[in-house]
Amino acid sequence: MFSPRVVSLVPRTGPRRFMSTASKLTTVEVNDKTGIATLTMCRPPVNGQNLELLLDIKSSIKEIENDSSRGLIITSASPKVFCAGLDILEMHKPDQQRLRAVWTELQNVWCALYGISMPTAAAINGHAPAGGCLLATACEYRVMVPDCRIGLNETQLGIIAPKWLVSGFLNILPKRVAERALTQSRLFTTDEALQEGLIDEIANSKEEAVEKCAAFIGTFSKVNPVARALTKLQFRAENLRQFHKEREQDVENFLSLVNRPEVQKGIGAYLEGLKKKKANKQ
Ligand SMILES: CCCCCCC/C=C/C(=O)SCCNC(=O)CCNC(=O)[C@H](O)C(C)(C)COP(=O)(O)OP(=O)(O)OC[C@H]1O[C@@H](n2cnc3c(N)ncnc32)[C@H](O)[C@@H]1OP(=O)(O)O
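Numbers given for residues are sequential positions, taken from 1 along each chain in its written order. Only residues with pLDDT of at least 70 get local features here, since the model is predicted, and only at 80 or more are side-chain atom pairs given and counted; chain-wide, interface and lining totals rely on the full set of residues.

Undergrad: Explain the overall build of the chain to me, please; I cannot follow it from the model alone.
TA: Per the convention used, a helix needs a DSSP run of H or I reaching at least four residues, while a strand needs a run of E reaching at least two, with both numbered from the N terminus. A tally of regular secondary structure across the chain gives ten helices and ten strands. C-alpha atoms define the radius of gyration, and 2.2 Å times the number of residues to the power 0.38 defines the globule rule. In terms of overall size, the chain behaves like a compact globule, its C-alpha atoms giving a radius of gyration of 18 Å where 282 residues would be expected to give roughly 19 Å. Considering only C-alpha atoms, the chain reaches an extent of 55 × 45 × 40 Å along its principal axes. Comment: burial labels come from other C-beta atoms within 10 Å of the residue's own C-beta, placed from the backbone, where a count of 20 or more is buried, 12 or fewer is exposed, and between is partly exposed. Here the chain holds 282 residues, and 43% of them are scored as buried. The long-range fraction of contacts in the chain, counting pairs at least 24 apart against all pairs at least 6 apart in sequence, stands at 72%. Working definition of a contact: two residues with C-beta atoms, positioned from the backbone, lying within 7 Å.

This is the structure in structure tokens:
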């Protein structure tokens, strides 16, 4: 659960350092001058959230939290995609135990990122549908590169995003806009996302996005970190409480929904569509 941590306000000096990461699916780089940790997802081609990537993101977030970094920036090593959401292959003709673990780890990742006390920001250097949007909206600030898309498009796959998954989205967007976007499976362009407030800034490159995220985190340098953390919790505690109350039932709901024959059919067709898209590109 949420536990605010006192962070020294004295700037660190020295070179950048890398933390150990569970595998190569994420890297964590800490800027020793600013104390900000950048977590980069590295599962080509699109950072599809399979079980291993989710486990790795979770352990990197925990590592950053234990290191008392000044802030956390999440981004991607893929040139065009921040994160394509859940790896659809995990949901198609699934192994039941693994599917259960995938959903549990998606919950764990959201909970760790949404409830972390340090400032968080997403440098969205590419498309961010579904689970990608979930990561971005769990953060406090979002900077996105031009000509990309972000949103919760679950209904397109015949699945329903549960309340906890939508809560970050609802922190940012007016309820009416959120309801319409979810029911329409709307993916916002970068410009639309800025106009609606789903993102905070546009940057021309990933590097600039990371810089803008760091500048946002820097705005807290003179704010008491405990007061900041408790204030953040005040805004997020109710969603976290509700999530913990419902998380087990939520896993059962997910399993039963994904296993429905018509949903399996929809997921299969969606996968085919992705493959056809690639064939048409060639
Ligand atoms: C109680 C129940 C609650 C259920 C709630 C469920 C909550 C979460 C759900 C999800 O996250 S579902 C996943 C939703 N994601 C998407 O719909 C994104 C699909 N992908 C795309 O739109 C595009 O790929 C892209 C991200 C915009 C990137 O486009 P780009 O043109 O750069 O690449 P592609 O050629 O399309 O893809 C490359 C390669 O990657 C495969 N792929 C793409 N997305 C996924 C994915 N989500 N899972 C698995 N694989 C994916 C795609 O098929 C290509 O594969 P190859 O053909 O190269 O093998």
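Undergrad: Looking at this structure, I do not really get the pairing of strand β7 (residues 141-144). What am I missing?
TA: Side chains of β7 alternate between two faces, with Y141 and V143 and R142 and M144 buried alike. At least two DSSP bridges between two strands are required for those strands to pair. Sheet analysis places strand β5 (residues 120-124) next to β7, joined by four bridges and oriented parallel. Looking across to β7, one finds that A123 is bridged to V143. For β7 and strand β10 (residues 201-202), the ladder comprises two bridges, and the chain directions are parallel. Opposite V143, over in β10, you have E201 as the bridge partner.

Undergrad: Where do I start with the pairing of strand β4 (residues 71-76) in this structure?
TA: Successive side chains on a regular strand alternate, one facing one side of the sheet and the next facing the other. Of all six residues in β4, six are buried, a share of seventy percent or more. Side-chain alternation along β4 places G71, I73 and T75 on one buried face and L72, I74 and S76 on a second face that is also buried. Pairing analysis gives six bridges linking strand β3 (residues 36-41) to β4, with the strands arranged parallel. Within β4, the residue paired with A37 across the bridge is L72. Here a crossover is taken to be right-handed if, once the strands point away from the viewer, the path from the first strand over the helix to the second is traced clockwise. Assessed by its sense of winding, the connection that carries the chain from β3 through helix α1 (residues 51-66) to β4 is right-handed. Two elements, β4 and β5, share three bridges in a ladder whose sense is parallel. What sits directly across from I74, in β5, is A122.

Undergrad: Honestly, the site of the ligand in this entry has me stumped. Any pointers?
TA: Neighbouring the ligand are 30 residues, the closest being G85, L86, A130, G131 and L274. Breaking the shell around the ligand down by element, the ones donating at least two residues are α2 (88-91), α9 (225-258) and α10 (261-281). Of all the elements, α10 adds the most residues to the shell around the ligand, at four residues. Residues were grouped as follows: Ala, Val, Leu, Ile, Met, Phe, Trp, Tyr, Cys and Pro as nonpolar; Asp, Glu, Lys and Arg as charged; and all remaining residues, including Gly, as polar. In terms of residue class, the shell around the ligand is built from 18 nonpolar, six polar and six charged. The criterion for a residue being near a molecule or strand is a backbone-placed C-beta atom within 6 Å of that molecule or strand.

Undergrad: Help me understand the nonpolar core, please; the structure alone is not making it clear to me.
TA: It is characteristic of soluble globular proteins that their nonpolar side chains tend to be buried jointly. By convention in this section, buried Ala, Val, Leu, Ile, Met, Phe, Trp, Tyr and Cys residues joined through C-beta atoms within 7 Å make up a nonpolar core. Judged by nonpolar contacts, the single largest core of 74 residues is most densely connected at A121, I124, I150 and C213. In terms of residues, this core owes the most to one element, helix α3 (residues 96-114), which gives eight residues.

Undergrad: Honestly, helix α4 (residues 131-138) in this entry has me stumped. Any pointers?
TA: Counting along an α-helix, one turn takes 3.6 residues, and residues three or four places apart therefore face a common direction. Burial of α4 is extensive: eight of the eight residues sit out of reach of the surface. Where α4 is concerned, the buried positions are G131, G132, C133, L134, L135, A136, T137 and A138.

Undergrad: Help me understand the packing of α1 against α3, please; the structure alone is not making it clear to me.
TA: Packed helix pairs are characterised by how far apart their axes lie and by the angle those axes make with each other. Whenever a helix is involved, its axis is fitted only over the stretch in contact; in every case the axis is a line through C-alpha atoms, and angles between N-to-C directions fall within 0 to 180 degrees. The contact between α1 and α3 brings their axes to 9 Å, and the two run at 25°. Of the possible angle classes, the one that applies to α1 and α3 is roughly parallel. As α1 runs across α3, the sense of the crossing is left-handed. From α1, L51, L54, L55, I57, K58, I61 and K62 reach across to α3, where they touch R98, A101, V102, E105, L106, N108, V109, A112 and L113. For the contact of α1 with α3, a count of residues per class yields eleven nonpolar, one polar and four charged. Roughly parallel means an angle under 35 degrees; roughly antiparallel, over 145; roughly perpendicular, 65 to 115; everything else is oblique. Handedness of a crossing follows from how the near helix is turned relative to the far one, being left-handed for an anticlockwise turn of less than a right angle and right-handed for a clockwise one.

Undergrad: Before we go on, may I ask you to explain unusual backbone geometry in this structure?
TA: Keep in mind that most residues, glycine aside, have a negative phi and that most peptide bonds are trans. Cis geometry is found at the peptide bond from P44 to P45, where omega equals 0°. One can find P45 in the loop between β3 and α1. Positive phi, normally seen in glycine, also occurs at N47, with a value near 55°. Along the chain, N47 falls in the loop between β3 and α1. The backbone of A130 shows a phi angle near 45°, a positive value even though the residue is not glycine. Locating A130 in the fold gives a position in the loop between β6 (128-129) and α4. Judged by local crowding, A130 falls into the buried class, with 25 C-beta atoms found within 10 Å.

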